Amino acid sequence: MEGGEGTSLLGECGLGRLAPFKTYRRRWFLLAAVCLLNCSNAMVILSAWLNMTGSIIRVFSVLKFLSLGSQSYWYLFVGQCLCALAQPLIIFSPTKLAALWFPDHQRATANMIASMSNPLGILIANVLSPVLVPEGRHIPLMLVVYAVPAVTACALATLGIHEKVPPTPPSASATNSTSQTFLTGLKMLLRNKPYIILAVCFGGGIGMFTCFSALLEQILCEKGYSNEFAGLNGALFTVCGLLGAFLLGLYVDRTRKFIESTKICFCLSALASIVFAVTSRFRHHAVTLAITSSFFGFFGFAIYPIAMELAVECSYPVGEGTSTGLIFVASQVEGVILMILLQALTVHVSEDPSSTCALDQDGALDWTTPVLVLAGLCSAMACFYVIFFHTDYKRLRAETNSGDLVKAEDARADVPEA
């Protein structure tokens, strides 16, 4: 329902007083602000100001009339650091926003929209940057253009966000969303076996996706594929991933099949990684590689927002920011380890006339072993997740129990006194 007029049938059982729940149109405004911040960057108001300030300082670093000279690098460096500081403040917010402002049948979709705005922003930047900067002297224009969404998001957040939670919660779980302190929640997560399995497997999945995106050009150039083709594969990987996340988000909102959806998509992602690992070791298979990258992104990206919602479901009543934040930290750690490992497994080979790689003094690199290891790890994590991950939907169960209590209370109220 909209405008605070509609109420759900859920009440509170162990979550607070019995009360009707409402949704508010301004939840979409909050979602738009988070999406813009995620898109331009990749505590909303603080993040917005950090992101905007950093973007403006980056513009200052290339303005000739300021005559900064050798100090221009430090302006650029400080601006980039401020934008980077803004990211952790906003990257954990989608699940929190979805839990506090959206009813249970819209949470996965809201989480998907907010989460996928970050890779969408990266895709837009990758497409626009070569267009905006055909020569080095056009870099100031690019920085000004990229500052526009940061300034817009800051204005939206500052002028439009006046409260952290709606006056009336949209669901039973929303009233208890911040019930656990950070340290208490952290201890509960570390004792939660299903959550640990999800964090390790899903965090590793994000790390593998990061490595794939970062190393795609180096993997393909050794077999003679051009940088433009590698860029096309990266674009297909992201675009198809956004489509997959959108479709799966809508499906899960209607069916509540979090576990089944993530297990199927994880297995199909592993299969796509195996096909890519084998195909990328041969020349003249551009079409197969493009299709494989598309499927890898379609099923892999689809897991992201659903796994974030699943993390909240299996760890409830731990706060959403804590449960999703720990997974994000795990993904960064695993991503760094994977990046170092994969680069260490490369082998220097003699120069190949068909190679399009930029050669260093030691020659080209053979990525056969690293891509096979990456596919093997993806398959192993998928199997581990499918076999060992089992959990109840604790948040949905709490809301269902609340609804049953409301119905029981209504039934007793309708019984006439003797």
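Look a little higher up for the structure.
Residues numbered from 1 in each chain as written. Predicted model: local features only at pLDDT ≥ 70, side-chain atom pairs only at ≥ 80, totals over all residues. Heavy atoms only, no water.

Draft legend 1. Layout of the nonpolar core. Membership of the largest hydrophobic core comes to 64 residues, with the highest contact counts inside it found for Leu198, Phe202, Leu220, Phe266, Leu310 and Ile327. Contacts of leucine 220, omitting those with residues within four sequence positions, involve Tyr225, Phe229, Ala230, Asn233, Phe276, Ser280 and Leu289. Of all hydrophobic cores here, the second largest spans 19 residues; its members include Tyr24, Leu30, Ala33 and Ala98. (Core = buried A, V, L, I, M, F, W, Y, C linked by side-chain atoms within 4.5 Å. Buried < 20%, exposed > 50% of the residue type's maximum accessible area, 1.4 Å probe, protein only. Contact = heavy atoms within 4.5 Å.)

Draft legend 2. Structural view of the environment of leucine 46. Structurally, leucine 46 is set in helix H2 (residues 44–60). When its relative accessible area of 40% is taken as the criterion, leucine 46 is described as partly exposed. Residues leucine 46 and alanine 86, spaced 40 residues apart in sequence, show a C-alpha to C-alpha distance of 7.6 Å. (Helix = DSSP H or I, 4+ residues; strand = E, 2+ residues; numbered from the N terminus.)

Draft legend 3. Focus on the packing of helix H10 (residues 258–279) against helix H13 (residues 368–388). Contact pair H10 / H13: the axes reach a minimum separation of 9 Å and the direction vectors enclose 160°. Relative to H13, the element H10 is oriented roughly antiparallel. Both H10 and H13 take part in a crossing whose hand is left-handed. Between H10 and H13, the residues in contact are Thr262, Lys263, Phe266, Cys267, Ser269, Ala270, Ser273, Ile274 and Ala277 and Val371, Leu372, Ala375, Cys378, Ser379, Met381, Ala382, Tyr385 and Val386, respectively. (Axes fitted to C-alpha atoms, helices over the stretch in contact; angles between N-to-C directions. Parallel < 35°, antiparallel > 145°, perpendicular 65-115°, else oblique. Left-handed = near helix turned anticlockwise from the far one by under 90°.)

Draft legend 4. The environment of valine 165, seen in detail. Mapped onto the elements of the fold, valine 165 is located in the loop between helix H6 (139–160) and helix H7 (182–190). Overall, valine 165 belongs to the partly exposed group, its relative accessible area being 43%. As for valine 165 and tryptophan 101, which are separated by 64 residues in sequence, their C-alpha atoms are 7.0 Å apart. If we ignore the near neighbours within four places in the chain, the residues touching valine 165 are Leu100 and Trp101.

Draft legend 5. Representation of the pattern of salt bridges in the model. Considering all chains together, one arrives at six salt bridges under this definition. Note that arginine 281 is salt-bridged to glutamate 222, the shortest N-O span being 2.9 Å. Highlighted residues: arginine 281 in the loop between H10 and helix H11 (286–315) and glutamate 222 in the loop between helix H8 (193–221) and helix H9 (227–255), separated in sequence by 59 residues. Both residues of the pair, arginine 281 and glutamate 222, belong to the buried class. Taking the shortest distance from any N to any O, the salt bridge between arginine 395 and glutamate 313 comes out at 3.1 Å. Pair noted here: arginine 395 is in helix H14 (residues 394–414) and glutamate 313 is in helix H11, with a separation of 82 residues, a long-range link. When sorted by exposure, arginine 395 lands in the same class as glutamate 313, which is buried. Here the residues in one salt-bridge network are Glu222, Lys223, Arg281 and Asp366, joined through shared partners. (Salt bridge = Lys/Arg side-chain N within 4 Å of Asp/Glu carboxyl O.)

Draft legend 6. Summary view of a nonpolar patch on the surface. There is a patch of nonpolar side chains on the surface, built from Ile56, Phe60, Leu66, Tyr75 and Val151 and spanning about 370 Å² of accessible area. Checked against the element boundaries, valine 151 lands in helix H6. (Patch = residues over 30% accessible without salt bridge, like charges linked within 9 Å, V, L, I, M, F, W, Y side chains within 5 Å. Areas by Shrake-Rupley, 256 points an atom, 1.4 Å probe, with all protein chains shown as cover.)

Draft legend 7. Broad picture of H6. Its 22 residues give H6 an end-to-end C-alpha distance of 32 Å, which sits within 8% of 32 Å, the value for a rise of 1.5 Å per residue. Along H6, the residues classified as buried are Met142, Leu143, Tyr146, Ala147, Ala150, Ala153, Cys154 and Ala157. (Expected span 1.5 Å × (residues − 1).)

Draft legend 8. Quick look at H9. Spanning 29 residues, H9 covers 41 Å between terminal C-alpha atoms, matching the ideal 42 Å at 1.5 Å per step. The positive-phi residue at the C-terminal boundary of H9 is arginine 256, with phi of around 65°.

Draft legend 9. Up close: the packing of aromatic side chains. Evaluated as defined, the whole model comprises 19 aromatic pairs. Plain terms: the ring middles of phenylalanine 202 and tyrosine 304 are 5.8 Å apart, the flat faces sit at 55° to each other, and that makes the pair tilted. Taken together, the residues span a long stretch of sequence, with phenylalanine 202 in helix H8 and tyrosine 304 in helix H11 at a distance of 102 residues. Given the relative accessible area of 6%, phenylalanine 202 is considered buried. Judged by its relative accessible area of 16%, tyrosine 304 falls in the buried class. Seen from their ring centres, phenylalanine 258 and tyrosine 393 are 5.3 Å apart, and the 75° between their planes marks the pair as edge-to-face. Here tyrosine 393 lies in the loop between H13 and H14 and phenylalanine 258 lies in helix H10, a separation of 135 residues in the sequence. The structure contains a cluster of three or more aromatic residues connected by ring pairs, namely Phe209, Phe212, Phe237, Phe276, Phe296 and Phe301. (Phe/Tyr/Trp six-rings, centres within 6.5 Å; stacked < 30°, edge-to-face > 60°.)

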